[in-house]
Amino acid sequence: FMASATKVAAFAAILRIFDGAFLTYRDQWQPVVWGLTVLTLAVGSIGALLQVDLKRLLAYSSIAHAGYLLMAVETGTPKGREAALFYLFAYTFMVIGSFAVVTVLSKQGDEEHSIDSLRGLASRRPVIGTLLVLFMLAQAGIPLTSGFVAKLDVFSAAASSGDYVLVVVGAVATVIASFAYLRVALAVATPSSDGEAVERVRSRRVDVGTWIVLAITAGVTIVLGIVPAVFVHWAQDATLLTHVITWLN
């Protein structure tokens with residue numbers, strides 16, 4: 001909830017304020033947001049790479065995603081707002097799905113979610129393992145997932161506004177963070193030598209509500225990566241509506 005709903009609400013407010021009330025002062029707040037973007041991307045991507053715990057990795061990943069959103073905000077352009085709105089929409093489903101899988105793999109009182117404990121998941125729980133890999137690849141920005149389209153939109157918006165240094169920083173951060181996500185995917189696909197750990201994973205049941213959440217989040221993540229046009233148009237319409245409301249005020 002903290003990684004998805006609160007971030008969406010916060011960035012919705014940021015977009016409304018910086019690209020609405022403070023738009024005429026763009027030259028004053030852009031350098032500050034530029035610096036925050038670089039710092040956030042660096043801390044999030046490097047922090048995620050250094051983690052051995054899945055929950056902590058997702059926490060630092062959340063920081064990195066905030067950096068991409070700040071990159072879109074920093075442009076101060078309609079294209080940047082569209083990219084930020086689409087990224088927020090795509091990110092929400094990616095992160096809810098990721099933490100839903102973590103919930104499935106957890107048990108009451110379980111505070112350890114090491115990446116090594118995921119070994120053998122693909123063979124013992126193929127559906128759960130596949131879903132976890134899907135959400136990791138989406139957050140890495142692999143093509144045919146929503147993460148790829150979202151990051152491409154952000155980089156395109158930054159390049160269109162001439163922020164080429166930010167594009168390079170974002171690209172480097174993406175490569176660094178991708179190693180963290182791919183490490184999780186590799187662990188899922190690697191056979192486990194710990195029979196007891198595998199048996200615990202195998203015995204955990206998934207309730208109907210969780211399956212519904214996983215199905216919706218995985219479906220949206222795939223659909224956004226293959227046919228994103230409809231959702232991109234929604235972001236464009238929302239941006240146009242915001243412009244009209246700001247002009248009327």
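Heads up: these notes are all about the structure in this document. Values in this document were obtained by computation on a predicted structure and should not be read as measured data.

1. What about a nonpolar patch on the surface?
Item 1. Judged by side-chain polarity, Ile-46, Leu-49, Leu-50, Val-175 and Phe-179 come together as a nonpolar surface patch covering roughly 490 Å² of accessible area.
Item 2. Every element with two or more residues in the nonpolar patch is listed here: α2 (26–49) and α8 (164–189).
Item 3. Structurally, Phe-179 can be placed in helix α8.

2. Details of the environment of Val-213
Item 1. Structurally, the position occupied by Val-213 is in helix α10 (residues 208–226).
Item 2. Along the chain, Val-213 and Gly-97 lie 116 residues apart, while their C-alpha atoms are 7.1 Å from each other.
Item 3. Each residue touching Val-213, except ones within four places of it in the same chain, is listed here: Ile-96 and Ala-100.

3. Description of the environment of Ala-100
Item 1. Note that Ala-100 resides in helix α4 (residues 78–105).
Item 2. In this structure Ala-100 comes out as buried when scored by relative accessible area, which is 9%.
Item 3. Separated by 31 residues in the primary sequence, Ala-100 and Leu-131 place their C-alpha atoms 9.9 Å from one another.

4. Structural notes on the pattern of salt bridges
Item 1. Taken as a whole and assessed by the stated rule, the structure comprises one salt bridge.
Item 2. Two residues, Arg-119 and Asp-116, come together in a salt bridge whose shortest N-O distance is 3.5 Å.
Item 3. You can call Arg-119 partly exposed: its relative accessible area is 34%.
Item 4. For Asp-116, a relative accessible area of 54% puts it in the exposed group.

5. A closer look at the packing of helix α3 (residues 54–75) against α8
Each pair of packed helices can be described by the angle between their axes along with the distance between the axes.
Item 1. At their nearest, the axes of α3 and α8 sit 11 Å apart, and the two run at 160° to each other. As summarised for this structure, α3 and α8 are arranged roughly antiparallel, according to the angle between their axes. In the crossing of α3 with α8, the sense of the turn from one axis to the other is left-handed. Between α3 and α8, the residues in contact are Leu-54, Leu-57, Ser-61, His-65, Tyr-68, Met-71 and Glu-74 and Leu-166, Gly-170, Ala-173, Thr-174, Ala-180, Tyr-181, Arg-183 and Val-184, respectively.
Item 2. The residue makeup of the contact of α3 with α8, split by class, is nine nonpolar, four polar and two charged.

6. Examining the packing of aromatic side chains
Item 1. Counted by the stated rule, this structure contains three aromatic pairs.
Item 2. For the pair Tyr-68 and Tyr-87, a centre-to-centre distance of 6.0 Å together with 25° between the ring planes defines the contact as stacked. A residue pair is termed long-range when its members are at least 10 positions apart, and Tyr-68 in helix α3 and Tyr-87 in helix α4 qualify at 19 residues.
Item 3. When its relative accessible area of 2% is taken as the criterion, Tyr-68 is described as buried.
Item 4. When its relative accessible area of 1% is taken as the criterion, Tyr-87 is described as buried.
Item 5. The interplanar angle of 65° and the centroid separation of 5.2 Å between the aromatic rings of Phe-89 and Phe-93 together place this pair among those described as edge-to-face.

7. Some remarks on unusual backbone geometry
Negative phi is the rule for most residues except glycine; trans is the rule for most peptide bonds.
Item 1. Even without glycine at this site, Leu-144 takes up a positive phi of about 75°.
Item 2. Checked against the element boundaries, Leu-144 lands in the loop between α6 (126–140) and α7 (146–160).
Item 3. Residue classification places Leu-144 among the exposed positions, given a relative accessible area of 60%.

What counts, and where the lines are drawn
Residues numbered from 1 in each chain as written. Predicted model: local features only at pLDDT ≥ 70, side-chain atom pairs only at ≥ 80, totals over all residues. Heavy atoms only, no water. Patch = residues over 30% accessible without salt bridge, like charges linked within 9 Å, V, L, I, M, F, W, Y side chains within 5 Å. Areas by Shrake-Rupley, 256 points an atom, 1.4 Å probe, with all protein chains shown as cover. Salt bridge = Lys/Arg side-chain N within 4 Å of Asp/Glu carboxyl O. Helix = DSSP H or I, 4+ residues; strand = E, 2+ residues; numbered from the N terminus. Contact = heavy atoms within 4.5 Å. Buried < 20%, exposed > 50% of the residue type's maximum accessible area, 1.4 Å probe, protein only. Axes fitted to C-alpha atoms, helices over the stretch in contact; angles between N-to-C directions. Parallel < 35°, antiparallel > 145°, perpendicular 65-115°, else oblique. Left-handed = near helix turned anticlockwise from the far one by under 90°. Nonpolar A, V, L, I, M, F, W, Y, C, P; charged D, E, K, R; others polar. Phe/Tyr/Trp six-rings, centres within 6.5 Å; stacked < 30°, edge-to-face > 60°.

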